[in-house]
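Here is how the chains run, residue by residue.
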Amino acid sequence: HGQRIIDAVADQLTSKYRAFVAEHPGFSGGVSIFGHSFGTIITYDLLTKAGRAVGGVSYPVLRCPTASLPAANYFVIIN
């Protein structure tokens, strides 16, 4: 299910960004992304293209698509 989740989130981020730019054609700023709970892991993977060996530990390799938006800020909420 991991690949479907990554693909769906990337598609939604790209879709929402494109809709915003269509409504505001003069927009040239960056985008802030907020992550909470499992969403922090998903968005981190998308932004860093994770899925490689880290510290000698191999993780499952997922194809991480690029969300087509200029991510300027990334905020994580952990509670």
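Our structure is the block above this text.
Model, not experiment: these values are computed from the prediction.

A. Broad picture of the overall build of the protein chain. Along the protein chain, the regular secondary structure elements total two helices and two strands. Counting helices and strands in the order they occur from the N terminus, the protein chain gives α-β-α-β. By the burial criterion, 23% of the 79 residues in the protein chain qualify as buried. Within the protein chain, contacts between residues at least 6 apart in sequence are counted, and of these 77% link residues at least 24 apart.

B. Examining the packing of aromatic side chains more closely. One pass over the full model with this rule turns up one aromatic pair. Ring geometry for Phe-20 versus Phe-27: centroids 5.1 Å apart, planes at 90°, classification edge-to-face. The class for Phe-27 is partly exposed, based on a relative accessible area of 30%.

C. Structural detail: the side chain of Thr-40. Within the fold, Thr-40 resides in helix α2 (residues 38-48). Under the relative-accessibility criterion, Thr-40 is labelled buried at 13%. What Thr-40 contacts, discounting residues up to four positions off in sequence, is Gly-35, Tyr-74, Val-76 and Ile-77.

D. Structural detail: the environment of Val-31. Locating Val-31 in the fold gives a position in strand β1 (residues 31-36). Sequence separation of Val-31 and Pro-70 is 39 residues, and the distance between their C-alpha atoms is 5.8 Å.

E. Structural view of α2. Those residues of α2 that fall on the buried side of the exposure criterion are Thr-40, Ile-42, Thr-43, Asp-45 and Leu-46. Buried residues along α2 sit against α1 (2-23), β1 and β2 (71-77).

F. Region of the structure containing unusual backbone geometry. Although it is not a glycine, Ser-37 sits at a positive phi angle of roughly 55°. Residue position: Ser-37 is located in the loop between β1 and α2. Judged by relative accessible area, which is 48%, Ser-37 ranks as partly exposed.

G. View of the environment of Leu-46. The topology assignment puts Leu-46 in helix α2. Each C-alpha atom, one on Leu-46 and one on Ala-10, is 7.3 Å from the other, the two residues being 36 residues apart in sequence.

Definitions and limits used
Residues numbered from 1 in each chain as written. Predicted model: local features only at pLDDT ≥ 70, side-chain atom pairs only at ≥ 80, totals over all residues. Heavy atoms only, no water. Helix = DSSP H or I, 4+ residues; strand = E, 2+ residues; numbered from the N terminus. Buried < 20%, exposed > 50% of the residue type's maximum accessible area, 1.4 Å probe, protein only. Contact = heavy atoms within 4.5 Å. Phe/Tyr/Trp six-rings, centres within 6.5 Å; stacked < 30°, edge-to-face > 60°.

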